[in-house]
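The primary structure of each chain is shown beneath.
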Amino acid sequence: MPSSQKPTVVVCGAGLVGCLISAILAKDGYEVNVYEKWGDMRAKDFVGGRSINLVLTARGLRALNIPGLEGMRDDLLKIATPVTGRMMHSVEGDLTYTAYGKDPEECNFSISRSELNKYLMTEAEKSGVKIHFSHGLKKVDLKNSVAHFEVASGEVVDVQCDTILGCDGGGSAVRYAMRDHGVTNFTEDLLPDGYKELQFPKDVSGCEDMRGDALHIWARGTHMLMGLANLDGSFTGTFYMPKTGGKVSFEALTGEDNKQKLADFFTESYSDAIPLLGGLEKITKEWNANPVGILGTVRTEMWKFEDKVCLLGDSAHAIVPFFGQGCNSGFEDCLTFYKLLKKHEGNLKSVYDEFHGLRKPAGDAIANMALENYIEMRDLVANEKFILKKRVEGVLTSHFGPEVFRSRYPMVVYSSAPYNVVEKVGVVIDDIVSELCEDLKIPEDVDLEMAKQLIDTKLSPTLKEGNVDLSEDWHSL
Ligand SMILES: Cc1cc2nc3c(=O)[nH]c(=O)nc-3n(C[C@H](O)[C@H](O)[C@H](O)COP(=O)(O)OP(=O)(O)OC[C@H]3O[C@@H](n4cnc5c(N)ncnc54)[C@H](O)[C@@H]3O)c2cc1C
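On a predicted model such as this, the values are computed, not experimentally measured, just so you know.

Basis of the calculations
The residue numbers shown here count from 1 along each chain, following its written sequence. Confidence filtering applies because this is a predicted model: local features only for residues at pLDDT of at least 70, side-chain atom pairs given and counted only at 80 or more, and all residues used for totals across whole chains, interfaces and linings. Computation of side-chain values: all heavy atoms of the structure, hydrogens and water removed. What makes a salt bridge here is a side-chain nitrogen of Lys or Arg within 4 Å of a carboxyl oxygen of Asp or Glu, nothing more. Secondary structure elements follow DSSP: runs of H or I no shorter than four residues count as helices, runs of E no shorter than two count as strands, and numbering proceeds from the N terminus. For every residue, the accessible area obtained with a 1.4 Å probe (protein chains only) is divided by the maximum for its type, and the residue is called buried under 20%, exposed over 50%, and partly exposed between those limits. By the convention used here, residues are in contact when the closest approach between their heavy atoms is within 4.5 Å. Identification of polar contacts relies on pairs of N or O atoms within 3.5 Å, with a donor-acceptor requirement for protein atoms, meaning one able to donate a hydrogen and the other able to accept it, and with residues adjacent in sequence counted only if both atoms are side-chain atoms. Here, nonpolar core refers to any group of buried Ala, Val, Leu, Ile, Met, Phe, Trp, Tyr and Cys residues whose side-chain atoms link them within 4.5 Å. For each residue, the test is whether any non-hydrogen atom lies within 4 Å of the molecule or strand; if one does, the residue is near. Only the protein chains shown count as covering a residue, and every accessible area follows the Shrake-Rupley method with a 1.4 Å probe. Classification used: nonpolar for Ala, Val, Leu, Ile, Met, Phe, Trp, Tyr, Cys and Pro, charged for Asp, Glu, Lys and Arg, polar for all others including Gly. Note: domain ranges come from an automatic or database domain assignment. Here's the idea: put two parts together, see how much 1.4 Å probe accessible area each one loses, and the total over both is what we call buried area.

1. A few points about the pattern of salt bridges
Argument step 1. All told, the structure shown has 25 salt bridges when counted by the stated rule.
Argument step 2. Between R175 and E188 there is a salt bridge, with the nearest N and O atoms lying 2.6 Å from each other. Placement of R175 in helix α5 (residues 173–180) and of E188 in strand β13 (residues 186–200) is noted, with a sequence separation of 13 residues between them.
Argument step 3. Classification of R175 as buried rests on a relative accessible area of 0%.
Argument step 4. A relative accessible area of 37% means that E188 is categorised as partly exposed.
Argument step 5. One salt bridge connects K390 with E393, and the closest N-O pair in it is separated by 3.6 Å. With a gap of three residues between them, K390 and E393 both fall in helix α12 (residues 384–400), about one helical turn apart.
Argument step 6. Classification of K390 by relative accessible area gives partly exposed; the value is 35%.
Argument step 7. Overall, the relative accessible area of 5% leaves E393 in the buried class.

This is the structure:
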């Protein structure tokens, strides 16, 4: 079909997913216009945006293997830092490192979200996409495919197109418009916790405590600090804690007289992190300057309407960041979308129908697992029973081999198995390991005969049913 006959596409939001899907469509010959609420973050005078680091995993990186865009993955790895495992920092200052895989090649990658976004914007433009900055979506006329954008002057611009892709993030205006038209409904559940950025200065990279290839975690029950390396040797730290209430919350630790409160709090719970963060003076300054971000889960009943509109990324399925899969799943949305576009030869109604059918259960499942991981990272990593179970999983993998037994974590972040299948397999793994851990004291004493029987009768059939092949090399991108 000549490109002139392809539907004209409006993408709402020039974030990570909006830029990737628009580049994919433009490469495939579609006329794509992207409308972004904020100004161009690549401009020298741009102020704003969040400084967070993201973890890209094999699942998300694999989704970048799209014809015409093959160079993207290698380009991104040049501006990313490998993360080979988790480093737990105890209250006493003890360090425990756990590798993610059998060797350092089996790793994740830490990347600055804004650098990733800038790169994807430029790639989208190189593919022929036009990005219209400072255009915030206000309303959508779904039946007639007209989007109304407000520009800086306050004027509203009407844009006619054939179809609209909502890639405008967790607070999606496209999703709200769909609900106003009665074609979907959704829930937005905010966590009681929020997050705040704190920077570890460059000179920490030489410290023994802060190896650059680890995700550093200070888990303290109701609050925690995480640190991820940047290319220049500094680390971006993210503090998670309740937004309000009690003695330990952002509300309780903020205010004019908070210097002493913060000093007491850090000395009691994060004493080893104080020098790494540059001292109490610097911590207090950043604490008071940086905003508290919100965290939440969006579950959308219907992600599409006829061939008129479809939601991708956070606009359909914003999740809490504790599995590091928000962006990865958004990239996977784009790959699925591309494959369906090919399968249905550009018939958008069929693409949107099947996309919703495949990705909605996956989105719901990763939302559930991310919430579970929130509890796991905050509380359970310091819980003896939990640690025993994780070690038993390690024993099972090394005894039976990764082609017979693997934990849920690598399945979520590295494999391409649908998240909803992984969620189901994860329940079976947990049942098996819980049974094996009853009355167990030392992981090495686990009953391997019983384990074999449980794997054969419970795990293997579930893997087969879900079409999950544990012998695949999930790291070959
Ligand atoms: C603290 C934290 C840590 C995270 N860590 C990870 C991680 O390690 N790994 C991972 O995979 N994910 C992580 N995520 C999630 C990840 O950031 C998101 O999943 C990802 O950014 C979603 O991309 P998106 O393009 O769908 O939405 P966004 O990145 O939110 O982009 C939406 C775009 O739409 C624009 N927009 C919004 N409203 C309008 C409007 N009305 N009109 C026009 N444009 C509009 C916005 O300005 C923005 O540019 C993390 C998130 C947080 C908060």
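Now that the structure has been shown, the text picks up again.
2. Observations concerning the environment of T163
Argument step 1. Within the secondary structure layout, T163 lies in strand β12 (residues 163–166).
Argument step 2. T163 gets classed as buried once you look at its relative accessible area, which sits at 1%.
Argument step 3. For the pair T163 and E306, spaced 143 residues apart in the sequence, the C-alpha separation amounts to 9.7 Å.
Argument step 4. Residues within four places of T163 in sequence aside, it is in contact with T8, V9, V10, D307, K308, V309, L348 and Y352.
Argument step 5. A distance of 2.7 Å separates polar atoms of two side chains, one belonging to T163 and the other to Y352.

3. Thoughts on the nonpolar core
Argument step 1. In terms of nonpolar packing, the biggest core is built from 131 residues, with I21, L165, F331 and F337 touching the most fellow members.
Argument step 2. In terms of residue count, the dominant contributor to this core is helix α11 (residues 348–378) (12 residues).
Argument step 3. In this structure, I21 is in contact with V11, L165, C167, L312, C334 and F337, ignoring residues within four places of it in sequence.
Argument step 4. Ranked by size, the runner-up nonpolar core spans 22 residues in total, among them V204, A229, A273 and L276.

4. A closer look at the site of the ligand
Argument step 1. The environment of the ligand is formed by 31 residues, the closest being E36, V55, R113, L137 and C327.
Argument step 2. The contact in question runs from an oxygen atom of the ligand to an N or O atom on the backbone of V17, over 2.9 Å.
Argument step 3. At 3.0 Å from an oxygen atom of the ligand is found a side-chain nitrogen or oxygen belonging to N328.
Argument step 4. Relative to its free-state accessible area of 1,000 Å², the ligand is covered by the protein chains to the extent of 89%.
Argument step 5. Those elements giving two or more residues to the shell around the ligand turn out to be α1 (16–27), β3 (53–56), β9 (136–141) and α10 (326–343).
Argument step 6. For the shell around the ligand, the leading source of residues is α10, giving three residues.
Argument step 7. The residue inventory of the shell around the ligand, partitioned by class, reads 16 nonpolar, 10 polar and five charged.

5. Regarding the domain arrangement of the chain
Argument step 1. Split by domain assignment, the chain resolves into domain 1 (3–80 + 112–188 + 296–374), domain 2 (192–294) and domain 3 (383–465).
Argument step 2. Computed from C-alpha coordinates alone, the two centres of domain 1 and domain 2 are separated by 31 Å.
Argument step 3. Contact with domain 1, which involves 12 residues of that partner, is made by 12 residues of domain 2.
Argument step 4. Buried area between domain 1 and domain 2, both sides added, is near 890 Å², and the carbon and sulfur share of it is 57%.
Argument step 5. Considering only the side of domain 1, the residues that lose the most area to domain 2 are N53, F322 and Y374, jointly responsible for 46% of the buried surface there.
Argument step 6. Applying the counting criterion to the domain 1 and domain 2 interface returns zero salt bridges.
Argument step 7. Our enumeration of links across domain 1 and domain 2 arrives at four residue pairs in polar contact (both at pLDDT 80 or more).

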